[in-house]
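The chain contents come next:
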Amino acid sequence: MALWAAPDAPAVLGDGARREALRAMLLAWADDELILGHRHSEWTGVAPDIESDVALSSIAQDELGHARLLYEQAAAEGQSPDRLAFGRRPEAFRNATLVERENGDWASTIVRIWLYDHADAARLAVLADSPLGSFAALARTLGREEKYHRLFADAWLERLARAGDDSRGRVQAALDALWREALAVFEPSPGEEALLAAGALVAGAAEQAVRWASAVVPRLEALGLRVPPERDVPVGGGRSGRHTPALAALLDEMTSVSRSDPEARW
Amino acid sequence: MNLAEITPGADHVFAVFRQETKADTHVHVGDVHAPDAEMALVLAKEQFARRDPCVNLWVVRYADIAATPYGDADMLEPSTDKSYRFGGSYREQQRVYRRR
Amino acid sequence: MTVSPDAADDPEQLAAFEARLAAGDRVEAGEWMPARYRAECLRLIQMHANSELMGALPEREWIPRAPTLARKMALVAKVQDEIGHAQLLYRVAEDLGKPRARMIEELVAGASKFHNVFHYPAETWADVAIIQVFVDGAAMQTQGSLRSCSYAPYARVLKRICYEEDFHIRLGLDTFRALAEGTAAQRAMLQDALDRWWQPIMHFFGPRDQASPHLETMIRWRIKVKTNDELRQQFLRQFVPVIQEYGLRVPDPELRWDEAAGQYRYAEPDWEEFRRVTRGEGPRTKARLALRQHYHAQHRWVREAVARWHLAA
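Because the structure is a prediction, the values reported are computed rather than measured. (Residues numbered from 1 in each chain as written. Chains lettered and ligands numbered in written order. Predicted model: local features only at pLDDT ≥ 70, side-chain atom pairs only at ≥ 80, totals over all residues.)

## So, the overall build of chain A
Piece 1. Each helix and strand in chain A was counted, giving 11 helices and zero strands.
Piece 2. Reading chain A from its N terminus to its C terminus gives the helix and strand order α-α-α-α-α-α-α-α-α-α-α.
Piece 3. Against the 2.2 N^0.38 benchmark of 18 Å for 266 residues, chain A shows a C-alpha radius of gyration of 18 Å, consistent with a compact globule.
Piece 4. Its C-alpha atoms give chain A principal-axis dimensions of roughly 55 × 45 × 30 Å. (Helix = DSSP H or I, 4+ residues; strand = E, 2+ residues; numbered from the N terminus. Rg over C-alpha atoms; globule rule 2.2 N^0.38 Å.)

## Some words on the overall build of chain C
Piece 1. Regarding its fold elements, chain C presents 12 helices and two strands.
Piece 2. Start at the N end of chain C and walk to the C end: the helices and strands fall as α-α-α-α-α-α-α-α-α-β-β-α-α-α.
Piece 3. Since a compact globule built from 313 residues should have a radius of gyration of about 20 Å, the 21 Å found for chain C is in line with a globular shape.
Piece 4. Projected onto its principal axes, the C-alpha coordinates of chain C cover approximately 65 × 60 × 35 Å.
Piece 5. In chain C, which comprises 313 residues, the proportion classed as buried is 44%.
Piece 6. If you take every contact in chain C between residues at least 6 apart in sequence, the share linking residues at least 24 apart comes to 76%. (Buried ≥ 20, exposed ≤ 12 C-beta atoms within 10 Å, placed from the backbone. Contact = placed C-beta atoms within 7 Å.)

## Brief notes about the interface of chain A and chain B
How large an interface is tends to be reported as the accessible area lost when its parts come together.
Piece 1. Residue-level contacts link 11 residues of chain A with 12 residues of chain B.
Piece 2. A class-by-class count of the residues in the side of chain A that touches chain B yields six nonpolar, two polar and three charged. (Nonpolar A, V, L, I, M, F, W, Y, C, P; charged D, E, K, R; others polar.)

## Things to note about the packing of helix α2 (residues 35–60) of chain C against helix α3 (residues 69–94) of chain C
All names here are of chain C.
Piece 1. Direction vectors running N to C along α2 and α3 enclose 160°, while the axes themselves pass 8 Å from each other. Compared by their axis directions, α2 and α3 come out roughly antiparallel. Considering how the two elements wind past one another, α2 and α3 form a crossing that is left-handed. For the pair α2 and α3, contact is made by L42, I45, Q46, H48, A49, E52, L53, G55, A56, E59 and R60 and by L75, K78, V79, E82, I83, H85, A86, L89, Y90, V92 and A93, respectively. (Axes fitted to C-alpha atoms, helices over the stretch in contact; angles between N-to-C directions. Parallel < 35°, antiparallel > 145°, perpendicular 65-115°, else oblique. Left-handed = near helix turned anticlockwise from the far one by under 90°.)

## Brief notes about the sheet that holds strand β3 (residues 56–61) of chain B
Residue and element names in this part refer to chain B.
Piece 1. Reading across the sheet, the three strands line up as β2-β1-β3 and stay open at both edges, with antiparallel pairing between neighbours. Bordering the open sheet on either side are β2 (27–33) and β3, each of which pairs with just one other strand. Strand after strand, the sheet turns through a mean of 30° between neighbouring axes, direction not considered.
Piece 2. As judged from the six bridges shared by strand β1 (residues 13–19) and β3, these two strands associate in the antiparallel manner. Within β3, the residue paired with V16 across the bridge is V59. (Pairing = 2+ DSSP bridges.)

So, in structure tokens, the structure goes:
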């Protein structure tokens, strides 16, 4: 059942504008999970060691599963998760540009997982406090799997950051390249003010970003890493549909079989 | 003997023990290669508990595992009558319980 | 502990070993075993592990292109299982005396073997269905029979591997059916994939049975449990009906059930092609090894970092 059809929804959400705002937020979140899950799945079979390969594959499956759950919630009448995932052009996607970048090397991959999954934790913590009961329950469900993602990312980041100059240098370079796009995970979805005003959301994206930064910066510094200058200026646009060429290339590949016959069942 | 005598690089091979529910003991389900115990736990979860129920995991470095040699299997099996350890060789209980 | 497979075994120990095996006993990693027994088990299990790592490559090409979310997640899970099988198998092989890192280096360098089927391209989405049903189905025959092999650690991991392989075949049949009962284009794609994969699948179990002292020893030592032809017949009995069930054409027009002989007759596969492929001259051998070499080289700094870390830990 869609969240806005839940029994407590009218009391919390009220009108159509707020329901649209909720749908937009869920769609953006679903897009984040789909695109990142797709990027993680590209490591299947070629990660640095066999055990990490298996672990990252599970994380990929989790993110794809989260995307499906969130698309189910965001879907309008007659839309299915598959149609949302496979049937839209790049400019209709609302993921943060952080997740659409190509994988790069293992340092880049670990840093992205680390930044994103800690951001996701900040987002989930706020949503788990929503007075909209079904929304809060969804956030708590997703949060349980995300805990493992952070464990994996924390373990790898620590070891790479502290294993010597070469690996720390690569981690630092990845951090320099990705920090500002990570900040843009917290670009608000359109209509967020309405959700805040309705009390459906207890803290907005800006507040979530502050909580995220205050959690991650000390941890990075404790590992001997430097947060880049201009640390407060996000580089993004994803939430408004402005994407890099990487997303178009990704979607072109991702939809190549489904597009070969959109009416076929697979 | 020590299992490091069999397993190359036993310092970074970890035996994984999975506890399915709190009614169960931890059971050896396989091993992972890992740089240290903390990472071994993280990696063990997906290699050995992604399909099976699990409430707890242990990991133990192979270099720390002492084992009996298989050549001693004959010693591990009793060769003289030990029926005195088994209830079935005492018949009084059957007789008395039948009386009730 | 590397002993030449040709080293002379102590005759008393060898006799005791063979007597134990004949009585149904099994062998563990720490026990005495003939040098040749050790070498054959290592070769077999290492090749199996290699095949899981290389077997992941054809299907992983289709992960980015899986046509629905459900198919995408299932395909990631399936390929993950293959990597997981490699993990289990290298672990068994290394206790026979060769570190995992060395086995992986040998594979990446093109110096060690893997099953013929994984030298071939996966050209379309339908190839994924064919691989999951027929290649995994073929592997199941061998793996199932080896569950009663004498090398206990291998027999034990094969239990889990067979369980997961069963899931793969079921997943494969689901995908296969969707294509077989789909549009004309989907059916044609499926038939074409089956046509292209038939010969490699017939090759999978190896050349026709030929009596040899080597084969006799492998069977007496229970390193081999069923012969190549027995396994191939077992496979055909299970999977030819699947092709017929969905109204597809068996790619070999000569294939027929011989009631009197109680077996399938088929056109003799081209064994020269099999020899070429297993020598490392298959259609995708070079490209797949190059992919593994690329990532192996790319990840060298990670291996060095991890080594440095656990020296300090």
